[in-house]
Amino acid sequence: MRHTVQVPMRWSDMDVYQHVNNVAFLGYFEMARVSLFFEHPTHDEKTGMRRGLVVHSHEITYKRSVVYDADPLDIDIWVSGIRAAAFTCHYEVFDHGQLAVTGSTVLVPFDFAINRPRRMTPEEKAWLQRWTDEPAG
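As the structure is a computational prediction, the values presented were derived from the model and not from experiment.

Q: Run through the nonpolar core, naming residues and quoting values.
A: Core analysis: the largest hydrophobic core is formed by 28 residues, its most contacted members being Phe25, Tyr28, Phe37, Phe87 and Cys89. Secondary-structure elements contributing two or more residues to this core are β1 (3–7), α1 (24–39), β3 (73–80), β4 (87–95), β5 (98–111) and α2 (122–129). With seven residues, α1 is the single largest residue contributor to this core. With residues up to four places along the chain from it excluded, the contact list for Phe25 reads Val20, Tyr62, Val66, Leu73, Val93 and Val101.

Q: Describe the pairing of β5, and please don't skip the residues or the numbers.
A: With respect to burial, β5 is a largely interior element, 11 of its 14 residues being buried. Pairing of strand β2 (residues 53–62) with β5, which is carried by nine bridges, proceeds in the antiparallel orientation. Bridging across to β5, Glu59 finds its partner in Ser104. The sheet contact formed by β4 and β5 spans nine bridges and is antiparallel. Bridge pairing in β5 places Phe94 opposite Leu99. The turn joining β4 and β5, which pair antiparallel and follow one another in sequence, is formed by two residues; a positive phi near 50 degrees is taken by His96. With two bridges joining them, β5 and strand β6 (residues 116–117) adopt antiparallel strand pairing. By the bridge assignment for β6, Phe110 is matched with Pro117. Counted between consecutive antiparallel strands, the loop separating β5 from β6 contains four residues, among which Asn115 sits at a positive phi close to 60 degrees.

Q: Outline the pairing of β1, listing residues and values.
A: Side chains of β1 alternate between two faces, with His3, Val5 and Val7 buried and Thr4 and Gln6 left unburied. In the sheet, β1 pairs with β3 via five bridges, with the strands oriented antiparallel. Looking at β3, one finds that Val7 is bridged to Leu73.

Q: Let's hear about the side chain of Thr105: which residues, and what values?
A: Tracing the backbone shows Thr105 in strand β5. Residue Thr105 is classed as buried on the basis of its relative accessible area, which comes to 1%. Reaching out from Thr105, the side chain makes a polar contact with the side chain of His58 at a distance of 2.9 Å. Aside from chain neighbours lying at most four places away, what touches Thr105 is Arg33, Val55, Ser57, His58, Phe87, Thr88, Cys89 and Tyr91.

What counts, and at which threshold
Residues numbered from 1 in each chain as written. Predicted model: local features only at pLDDT ≥ 70, side-chain atom pairs only at ≥ 80, totals over all residues. Heavy atoms only, no water. Core = buried A, V, L, I, M, F, W, Y, C linked by side-chain atoms within 4.5 Å. Buried < 20%, exposed > 50% of the residue type's maximum accessible area, 1.4 Å probe, protein only. Helix = DSSP H or I, 4+ residues; strand = E, 2+ residues; numbered from the N terminus. Contact = heavy atoms within 4.5 Å. Pairing = 2+ DSSP bridges. Polar contact = N/O pair within 3.5 Å; in protein donor to acceptor, adjacent residues only side chain to side chain.

This is the structure we're talking about:
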């Protein structure tokens, strides 16, 4: 299942070429993750990933330019590759219904008290599984 988030563009996201600068999309991806992991009504301390996540890596593919508009972008976010200590978030960014950007972020659960990555709990894995496009197995 995918989670859809409406993300507003900021006037300052535009670059000298009058389109949204490529780096702004990392911020849009972050807003989608925050919506899913921290603002989604079903999250909690045990299964909402509030215990800490760090970004391992990003991949972005730009399909078309996006020009600033007061209408928000629609971002679909979903999860794949759930492993013991990492998983991947995928994104599709739609500008007025047209696919503009795709991307992914590898995230690692992190224990900030000891400053080290940690393994996910079974509850966290089950919660993440709800947001996959993969069949449960």
